Amino acid sequence: KSILKCITQGKHSITIKNTGAGEQYLNFPVVRNLAIDGNSTNGCGIYADGVVWYMFEKLKINHQGLHGICLTDTGTPSYGAYVGVINKCYISGNVGDGINQVATKGADQQNASWISNCEIQGNKNGISVWGCAITITNASIEGNKERGINIATTNNSGVPYPLMRVSVKDNYFEGNKLG
């Protein structure tokens with residue numbers, strides 16, 4: 001059985017990680033209707049490690065020392081974070097990316113994600129993604145220090161991965177330094 005571990009003190013504001021022995025995923029985590037205000041020196045607003053079928057909705061995440069939302073997988077074996085929804089979130093003023101969904105090792109997958117109806121502004125990159133079947137739609141992505149959307153072709157450890165079915169449509173972009 002998957003066990004949700006939610007930590008509110010420490011490096012990240014909220015850590016979502018599977019702590020069940022022998023389990024490789026945390027299934028169906030939902031975080032909804034929450035404001036997470038950082039001090040620009042803490043870690044991520046939400047650090048989700050090995051989550052599957054996740055939903056983050058109606059969140060306000062500001063001033064984190066790393067990313068607003070970070071989706072990763074540090075487990076063994078690592079299979080990624082996939083089949084998820086990030087909807088109706090306001091993510092701003094983070095030192096790192098507003099949303100970071102880039103694998104950290106091996107060929108773990110970051111697939112089947114829907115990011116929609118979000119306001120993402122004033123971060124390093126608005127959204128950084130790596131994987132397949134990623135949809136970014138109906139978002140306002142403004143004033144980020146680097147890219148509005150950064151689509152990576154390798155993961156953070158340099159493993160190449162083919163990008164397939166990445167859809168960016170019906171978004172509003174303004175004032176992102178590199179596009």
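Residue numbers here run from 1 along each chain, matching the order of that chain's written sequence. Given that this is a predicted model, residues contribute local features only at a pLDDT of at least 70 and side-chain atom pairs are listed and counted only at 80 or more, while totals for whole chains, interfaces and linings are drawn from all residues. As a rule here, side-chain values come from all non-hydrogen atoms in the structure, and water together with hydrogens is ignored.

## Considerations on the side chain of Ser92
Within the secondary structure, Ser92 is located in strand 9 (residues 90–92). What makes Ser92 buried here is its relative accessible area of 8%. Sequence-distant contacts of Ser92, that is, excluding residues within four places in its chain, are made with Ile61, Asn62, His63, Gln121 and Asn123. Only DSSP runs of H or I covering at least 4 residues are called helices, and only runs of E covering at least 2 are called strands; the numbering of each starts at the N terminus. Working definition: with a 1.4 Å probe on protein chains only, accessible area under 20% of the residue-type maximum means buried, over 50% means exposed, and in between means partly exposed. Residues are treated as being in contact if the distance between any of their heavy atoms lies within 4.5 Å.

## With respect to the pattern of salt bridges
Salt bridge, as used here, is a side-chain nitrogen of Lys or Arg placed within 4 Å of a carboxyl oxygen of Asp or Glu. Applying the stated criterion across every chain yields a total of 1 salt bridge. Two residues, Glu57 and Arg32, come together in a salt bridge whose shortest N-O distance is 3.0 Å. Taken together, the residues span a long stretch of sequence, with Glu57 in strand 6 (residues 51–62) and Arg32 in strand 4 (residues 30–37) at a distance of 25 residues. A relative accessible area of 14% places Glu57 in the buried class.

## Comments concerning the confidence of the model for the protein
What pLDDT conveys is the predictor's confidence in a given residue, as a value from 0 to 100. Scored by pLDDT, the protein comes out at a mean of 81, with 73% of its residues at no less than 70. In the predicted structure, residues 1–8 sits below a pLDDT of 50 and forms 26 contacts with residues beyond four places in sequence or in another chain.

## A closer look at a nonpolar patch on the surface
Judged by side-chain polarity, Ile151, Val168 and Phe173 come together as a nonpolar surface patch covering roughly 230 Å² of accessible area. The residue Phe173 is located in strand 18 (residues 172–174) in this model. Surface patches are drawn from residues lacking salt bridges whose relative accessible area is over 30%; two like charges belong together within 9 Å, two nonpolar side chains (Val, Leu, Ile, Met, Phe, Trp, Tyr) within 5 Å. Computed with the Shrake-Rupley method and a 1.4 Å probe, the accessible areas treat only the protein chains shown as cover for residues.

## A word on the nonpolar core
The nonpolar core is taken to be a set of buried Ala, Val, Leu, Ile, Met, Phe, Trp, Tyr and Cys residues, with the residues joined through side-chain atoms within 4.5 Å. Ile46, Phe56, Ile69 and Ile86 are the most contacted members of the largest nonpolar core, which has 27 residues in total. Broken down by secondary-structure element, the contributors of at least two residues to this core are strand 2 (14–18), strand 4, strand 5 (46–49), strand 6, strand 7 (69–72), strand 13 (127–129) and strand 14 (132–137). In terms of residue count, the dominant contributor to this core is strand 6 (5 residues). Setting aside residues up to four positions removed in sequence, Ile46 forms contacts with Ile14, Ile16, Val31, Ile36, Phe56, Leu59, Ile61, Gly68, Ile69 and Cys70.

## Description of the state of the cysteines
Covalent bonding between the sulfur atoms of two cysteines defines a disulfide. A pair of sulfur atoms, both from cysteines and within 2.5 Å, is called a disulfide here. Inspection of the entire model under this criterion finds 0 disulfides. Between Cys70, a cysteine without a disulfide, and Cys44, which holds the nearest cysteine sulfur, the sulfur-to-sulfur distance is 4.7 Å. In this structure Cys89 is a free cysteine whose sulfur lies 4.6 Å from that of Cys118, the closest cysteine sulfur available.

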